[in-house]
Amino acid sequence: MGSRSERDVAKIRCMYIWIDGSGESVRSKTRTLDFVPKTPDDLPVWNFDGSSTGQSSGSDSDVYLRPVALFDDPFRHDNAENGLKNRLALCETENAAHEPTRTNHRRSCRRTMSTTTIADATPWFGIEQEYTLFEADAKTPLGWPEGGFPGPQGPYYCGVGTGRIYGRDVVEAHYRACLYAGIKIAGTNAEVMPSQWEFQVGPCEGIDMGDQLWMARYILLRVAEDFGIVVSFDPKPICGDWNGAGAHTNYSTISMRESGGLKHIESAIERLQGRHKDHIRVYDPKGGQDNARRLTGRHETADIKTFSSGIADRSASIRIPRHVAQEGCGYLEDRRPASNCDPYLVTERIVRTTILDED
Ligand code: ADP
Ligand code: MN
Ligand code: MN
Ligand code: MN
């Protein structure tokens, strides 16, 4: 209907994505733009009904959405009409005074990461995101007999073939979608429990780790939706003799990566030991309750109450990978964060403890 010049304006769709009031789920809604954004700051601040997402009361319901990271949209990709790429925008949530909402932990993380001491240490992270696929009933792990169990763990980890692998089409589609979007996805593997999987994101510096991991989670949920499959980030989705799901956080600073870095890795581990409880408190969204089901001391975990560390030790809280010990530098792996952790809380806590030695 509009005039020719109106129709000629470049239109793209931008999906605004945010963490909701649960601190675990993401929400999204679309807005048409008549320009091509180059940075997240080019995008308008928007708003949504926070009373429907556990982020405000009904009488004061508007919550602001501030775009903070931009990715290419692997679902809408580019428009046939004008060849322009549609976008995904990760957003912070803010109240009327533009303060962060209760589950917006990015603001504090970003502030910490941008202090001179932290930024000079160039903290790198790589997170191994484990998750479990379920049938559309959200009760039966994908491919498991309804109300029953598959054969015991053993053949599934990095497995191949029918009866060992469930949901590879979801995993492959997610991998491609992440690469298209611009996520630094490092790899994927099938996990020890059947229908449990992992992807790794990293290495990412500072605030980028949280941004990239949350976007990768969004993409996974969105891909699985097209398959009618449910993604669970619960850290112990099936109780009993089945592995739980974590978000192992690999971490290094410049001094750890340089020759002789092992001694810096060791002193970081000493500081982590002194603040074990403070870490457990923010390594899942329920202050340690979710991880209590997972960190049992069995199934490749350390007991939640006891801090431990070791070379190549997958039953420790902190593992130094064997190749790192051999080369004398590299990174450490914190095996405690749960699969449903908030990476902003985890990465901020790690740099506060290991670099600032403070709460
Ligand atoms: P695992 O042997 O525990 O299964 P993975 O291979 O799954 O380990 O994941 C290792 C992760 O560590 C990857 O995400 C990778 O990007 C990350 N990583 C590699 N080098 C570093 C480093 N120097 N600092 C931080 N993270 C790193
Ligand atoms: Mn791994
Ligand atoms: Mn794993
Ligand atoms: Mn690991």
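Residues numbered from 1 in each chain as written. Chains lettered and ligands numbered in written order. Predicted model: local features only at pLDDT ≥ 70, side-chain atom pairs only at ≥ 80, totals over all residues. Heavy atoms only, no water.

Quick look at the coordination of the manganese ion (ligand 3) now. Protein-derived ligands of the manganese ion (ligand 3) are Glu130 (OE), Glu191 (OE) and Glu198 (OE), with the metal-ligand distances lying across 2.1 to 2.2 Å. Mapped onto the polypeptide sequence, the residues donating to the manganese ion (ligand 3) form the spacing pattern E-x60-E-x6-E. The distance between the manganese ion (ligand 3) and the manganese ion (ligand 2) comes to 3.9 Å, with Glu198 serving as a donor to both metals. (Donors = N, O, S within 2.8 Å, 3.2 Å for Na, K, Ca; no water.)

Direction vectors running N to C along helix α5 (residues 208–227) and helix α11 (residues 343–356) enclose 155 degrees, while the axes themselves pass 8 Å from each other. Considering the angle they form, α5 stands roughly antiparallel to α11. For the pair α5 and α11, the crossing hand works out as right-handed. Contact residues: Met209, Gly210, Asp211, Leu213, Trp214 and Arg217 in α5; Pro343, Tyr344 and Thr347 in α11. Along the lines of polarity and charge, the residues of the contact of α5 with α11 split into five nonpolar, two polar and two charged. (Axes fitted to C-alpha atoms, helices over the stretch in contact; angles between N-to-C directions. Helix = DSSP H or I, 4+ residues; strand = E, 2+ residues; numbered from the N terminus. Parallel < 35°, antiparallel > 145°, perpendicular 65-115°, else oblique. Left-handed = near helix turned anticlockwise from the far one by under 90°. Contact = heavy atoms within 4.5 Å. Nonpolar A, V, L, I, M, F, W, Y, C, P; charged D, E, K, R; others polar.)

Time to look at the domain arrangement of the protein. Parsing the protein into structural domains produces domain 1 (6–103) and domain 2 (113–356). A straight line from the C-alpha centre of domain 1 to that of domain 2 covers 27 Å. On the side of domain 2, 19 residues touch domain 1, which itself brings 20 residues to the contact. Of the roughly 1,700 Å² buried where domain 1 meets domain 2, counting both sides, 73% is carbon and sulfur surface. It is Glu24, Phe71 and Phe75 that lose the most area in domain 1 upon contact with domain 2, and together they represent 38% of the buried surface on that side. Between domain 1 and domain 2 we count one salt bridge in total. The partner of Glu24 in a salt bridge is Lys286, with the nearest N and O atoms 3.3 Å apart. Where domain 1 meets domain 2, there are three residue pairs in polar contact (both at pLDDT 80 or more). If you list the elements that add at least two residues to the side of domain 1 that touches domain 2, you get β1 (12–19), β2 (26–33), β4 (62–72) and β5 (87–94). Considered class by class, the residues forming the side of domain 1 that touches domain 2 number eleven nonpolar, four polar and five charged. (Domains from an automatic or database assignment. Buried area = accessible area lost by both parts, 1.4 Å probe. Salt bridge = Lys/Arg side-chain N within 4 Å of Asp/Glu carboxyl O. Polar contact = N/O pair within 3.5 Å; in protein donor to acceptor, adjacent residues only side chain to side chain.)

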